[in-house]
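Letter by letter, the chains look like this.
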Amino acid sequence: MWRLGVLDLIRIGLLILGVVFVATGLLPWEDALASLHEIGPLLIFLVAIIVLAELTKEAQVFDAIAARMAVLGRGNYAALFFLCTAFASFITIFLNLDTTAVLLTPVMLALAPRARIAALPLAMTTIWLANTASLLLPVSNLTNLLGMEKIGLDAQEFAARMWAPQLASIAVTMVFLWVFYWRRGERRDLRYTPPLLEPVADRVLFGAAAAGCLLFIAMLLLKAHVAIAATAAAAIVVAAFLVRARDRLTWSLVPWQLVIFVTGLFLVVPTLSRHGLSDLMTWMVGTEGDPYRTAAVGAGLSNTINNLPAYKAVETVIPAADQDQLLALLAGTNVAPVITPWASLATLLWFESCRRHDVKVPMRRFLLTGTGLAVAGLLATVWTLVRFS
């Protein structure tokens, strides 16, 4: 146990608390089984997509794209800015926000010294867009997957509702990134040095990982279930590693921490909802179905306790027929968790990655700029959602 971090102990503690609730009857056995049945496909997707993303990084796909972006920018910071924001948004949308925070962040930070680029603008690009670009598809954020059944939309219908809010959210994020982190007054340099391109270590693994990612995206467009699409894509990449680099297939690829956290969450939140939490959430969001108020509650709770329990707690008191309110809640729990370090799992993992790469994140600046982005981004996102509903 001494090797476990504080976050790991919190996740395990949450699961133990959930088991205690079931054992003591605070959460009836039937309700517990219903909750676990609900998250079964979600957990399969979560494991498969993380394995796919981890092995894609190992195959140097992300490294190759990042280096080529820097070369394509030809030393122009404005060009690099647009390329980096597009890349981070694409990874978040199709491969989940945790992929952007956990796997893309080290890639971008490793690129910084090679191109003599300040690391903080690259780091802030990944974490802000990991959150604010996670509205478009169910796979983009775990909160989206948590709400899909109640919202009653498939992936294509979900994207049709959220494309405009997603564009608004990304646009506001880009403005804040440029003003507070990327403009010349912040980065100091006029131009950067394009890095030399290095060959990938194993072209077979590189090709298999790229093919797996493309297969996953194609299956989503063909309306395949997210768990099936992620598993099929991951199977291709795992098979390639079995042949070419079996030693890299370790149990550390399996995101057991997230599995434990989500399982515990689906036992603890339903219990608390049965014993007073729902009354409190109803009082907070009101009975008028106001999307702005609902989004604000989701945002405030996310930055107080974390966006996953915040979403689950509020969702229970919103009628399934009120799609706009449910989507506004997603906006609050996806776009706004950019203020506190614990607002989303992605942000917590990002801080750890920055620490490992010796990148100093000025906390006061992080909090203030994050607050501005949360307010402006959420207002623009919810206004667009209401406007195009």
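Residues numbered from 1 in each chain as written. Predicted model: local features only at pLDDT ≥ 70, side-chain atom pairs only at ≥ 80, totals over all residues. Heavy atoms only, no water.

Named according to an unreviewed UniProt entry, the chain is Na+/H+ antiporter NhaD/arsenite permease-like protein originating from Nonomuraea angiospora. Heading Subcellular location (unreviewed entry) of the UniProt record for the chain holds this comment: "Cell membrane". (UniProt positions renumbered as here; feature names shortened; annotations may be inferred.)

Caption draft 1: Spatial organisation of the overall build of the chain. Counting its regular elements, the chain contains 17 helices and zero strands. Relative to its length of 389 residues, the chain is compact, with a C-alpha radius of gyration of 21 Å against a globular reference of 21 Å. C-alpha extents for the chain along the principal axes are approximately 60 × 50 × 45 Å. Taken across its 389 residues, the chain has 55% of its residues classed as buried. Within the chain, contacts between residues at least 6 apart in sequence are counted, and of these 80% link residues at least 24 apart. As displayed, the chain offers around 16800 Å² of accessible surface, 67% of which is attributable to carbon and sulfur atoms. Each charge class in the chain was averaged separately, 28 positive and 24 negative side chains, and the resulting centres sit 13 Å apart. (Helix = DSSP H or I, 4+ residues; strand = E, 2+ residues; numbered from the N terminus. Rg over C-alpha atoms; globule rule 2.2 N^0.38 Å. Buried < 20%, exposed > 50% of the residue type's maximum accessible area, 1.4 Å probe, protein only. Contact = heavy atoms within 4.5 Å. Areas by Shrake-Rupley, 256 points an atom, 1.4 Å probe, with all protein chains shown as cover. Lys, Arg positive; Asp, Glu negative; His and termini not counted. Charge placed at Lys NZ, Arg CZ, Asp CG, Glu CD.)

Caption draft 2: Fine view of the packing of aromatic side chains. Applying the stated criterion to the full structure yields twelve aromatic pairs. Between F90 and F94, the aromatic rings sit 4.8 Å apart at their centres with planes inclined by 45°, giving tilted as the arrangement. Of the two residues, F90 and F94 are both situated in helix α4 (residues 77-95); the distance of four residues between them amounts to about one turn of the helix. Among the aromatic side chains, those forming a connected cluster through ring pairs are Y77, F81, F82, W178, W182 and Y192. (Phe/Tyr/Trp six-rings, centres within 6.5 Å; stacked < 30°, edge-to-face > 60°.)

Caption draft 3: Main features of the nonpolar core. Ranked by size, the top nonpolar core spans 138 residues in total, and within it F45, L52, M124, W128, W182, F216 and W350 carry the most contacts. With residues near it in sequence (within four places) discarded, W350 still touches A101, T105, A123, M124, T126, I127, V361 and F366. (Core = buried A, V, L, I, M, F, W, Y, C linked by side-chain atoms within 4.5 Å.)

Caption draft 4: Broad picture of unusual backbone geometry. For R74, which is not glycine, the phi dihedral falls at a positive 55°. Within the secondary structure layout, R74 lies in the loop between α3 (61-73) and α4. The class for R74 is exposed, based on a relative accessible area of 67%. Here the phi dihedral of N96 falls at roughly 90°; this positive angle occurs in a residue that is not glycine. The residue N96 is located in the loop between α4 and α5 (97-115) in this model.

Caption draft 5: Broad picture of the packing of helix α2 (residues 29-58) against helix α12 (residues 256-285). Taken N-terminus to C-terminus, the directions of α2 and α12 make an angle of 150°; their axes are 10 Å apart at the nearest point. Considering their axes alone, α2 and α12 lie roughly antiparallel with respect to each other. You can see that α2 and α12 cross each other, and the crossing is right-handed. For the pair formed by α2 and α12, the contact residues are D31, A32, S35, L36, E38, I39, L42, L43, L46 and V47 on the first element and L258, V259, V262, T263, F266, L267, P270 and R274 on the second. Among the residues forming the contact of α2 with α12, the class breakdown is 13 nonpolar, two polar and three charged. (Axes fitted to C-alpha atoms, helices over the stretch in contact; angles between N-to-C directions. Parallel < 35°, antiparallel > 145°, perpendicular 65-115°, else oblique. Left-handed = near helix turned anticlockwise from the far one by under 90°. Nonpolar A, V, L, I, M, F, W, Y, C, P; charged D, E, K, R; others polar.)

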